[in-house]
Every structure is written in structure tokens, then in C-alpha cells.
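# What the coordinates show
The lines below spell out each chain.
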Amino acid sequence: MFTCTTIGRLKEGMLDEVLKAAEKLAQATRKQTGNIYYYVYVPEGRTDCFATTEGWESRENFQEHVGHADDPADPLHIFNQVVTPASAAEPEIFMGEAVI
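As a starting point, this report considers the structure included with it. Values in this document were obtained by computation on a predicted structure and should not be read as measured data.

The rules behind each value
- Residues numbered from 1 in each chain as written.
- Predicted model: local features only at pLDDT ≥ 70, side-chain atom pairs only at ≥ 80, totals over all residues.
- Heavy atoms only, no water.
- Disulfide = S-S within 2.5 Å.
- Buried < 20%, exposed > 50% of the residue type's maximum accessible area, 1.4 Å probe, protein only.
- Core = buried A, V, L, I, M, F, W, Y, C linked by side-chain atoms within 4.5 Å.
- Helix = DSSP H or I, 4+ residues; strand = E, 2+ residues; numbered from the N terminus.
- Contact = heavy atoms within 4.5 Å.
- Salt bridge = Lys/Arg side-chain N within 4 Å of Asp/Glu carboxyl O.
- Pairing = 2+ DSSP bridges.
- Axes fitted to C-alpha atoms, helices over the stretch in contact; angles between N-to-C directions.

Scanning the model with the defined rule gives zero disulfides in all. Free of any disulfide, Cys4 has its nearest cysteine sulfur in Cys49, 16 Å distant. Classification of Cys4 as buried rests on a relative accessible area of 3%.

As C-alpha cells, this is what we get:
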């Protein structure tokens, strides 16, 4: 299984807007071939960040998911149009094969 966790830091007051966009992305992603799970959460006591964690049957399935992010109709592209201007910093992204 291939996994990806992303932690995004947001400008003040942007959490609700980002979560609305993330909900749409999560719904679309969960329907994609090879997706095992896709969760969005806010760490307790934090309103300045959000995290996503996703699992895929293979790296290839994940690459297909992110491979069309430049297409204006792609759910990831649409999400990025909201999250990029709302971000206070570049996201931290952790990817890799599950080992345990």
C-alpha cells in the first residue's frame, strides 16, 4: 500500500473555506481506482492547519490521482485553487510504501 500524508498551514480565518473544498476532493478521491482511504482532519486545538491522509493500492494509483492536477476539471486542481491562496506556507508532504 502506498500512503501520503499532507499537512497544510493556513492563513488566519481560512480553515472553513479549505475544509469545504477538501470535502469535495475527498468525495471524488474515494471513488478513484485504487483508493483505500482518504481522510481530512484538523489537529486538536489547531485552527491554523489541516491534514490529509490517504492510502492507495499502489504508487501507480496515487500517481494517477495526482497526475491530472493541471486539468481545470480535475478535483485536485479545483482544491488547489482554494488551498494555495489560503496557505501560509508550503505544505509538508510525506509519501511512501507502508512497511508495517
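Here the focus is the nonpolar core. In terms of nonpolar packing, the biggest core is built from 13 residues, with Leu10, Val18, Leu25, Phe50, Phe79 and Val83 touching the most fellow members. Mapped by element, the contributors of at least two residues to this core are α1 (15–29) and α3 (75–86). At six residues, the largest contribution of residues to this core is made by α1. The residues contacting Phe79, other than those within four sequence positions of it, are Val18, Ala21, Ala22, Leu25 and Phe50.

It is worth spelling out the side chain of Asn35 at this point. Along the chain, the position of Asn35 falls in strand β2 (residues 35–41). On the accessibility criterion, Asn35 (14% relative accessible area) is buried. Other than its neighbours up to four places away in sequence, Asn35 contacts Thr29, Arg30, Gly55 and Trp56.

Once that is clear, we can look at the pattern of salt bridges. In this structure the tally under the stated criterion is two salt bridges. A salt bridge links Glu92 to Arg9, with the nearest nitrogen and oxygen atoms 2.9 Å apart. Of the two residues, Glu92 sits in strand β4 (residues 92–97) while Arg9 sits in strand β1 (residues 2–9), which places them 83 residues apart along the sequence. With relative accessibility at 29%, the residue Arg9 sits in the partly exposed group. Notably, a salt bridge pairs Asp48 with Arg46, separated by 2.8 Å at the nearest N-O pair.

Okay, the sheet that holds β2 next. Spatial strand order, β2-β3-β1-β4: four strands in an open sheet with antiparallel pairing. Looking at the sheet topology across the chains shown, the edges are occupied by β2 and β4. The sheet shows a mean angle of 10 degrees between the axes of neighbouring strands, taken without regard to direction. In this sheet, β4 lies alongside β1 in antiparallel orientation, the contact comprising six bridges. Bridge pairing in β4 links Thr3 to Gly96.

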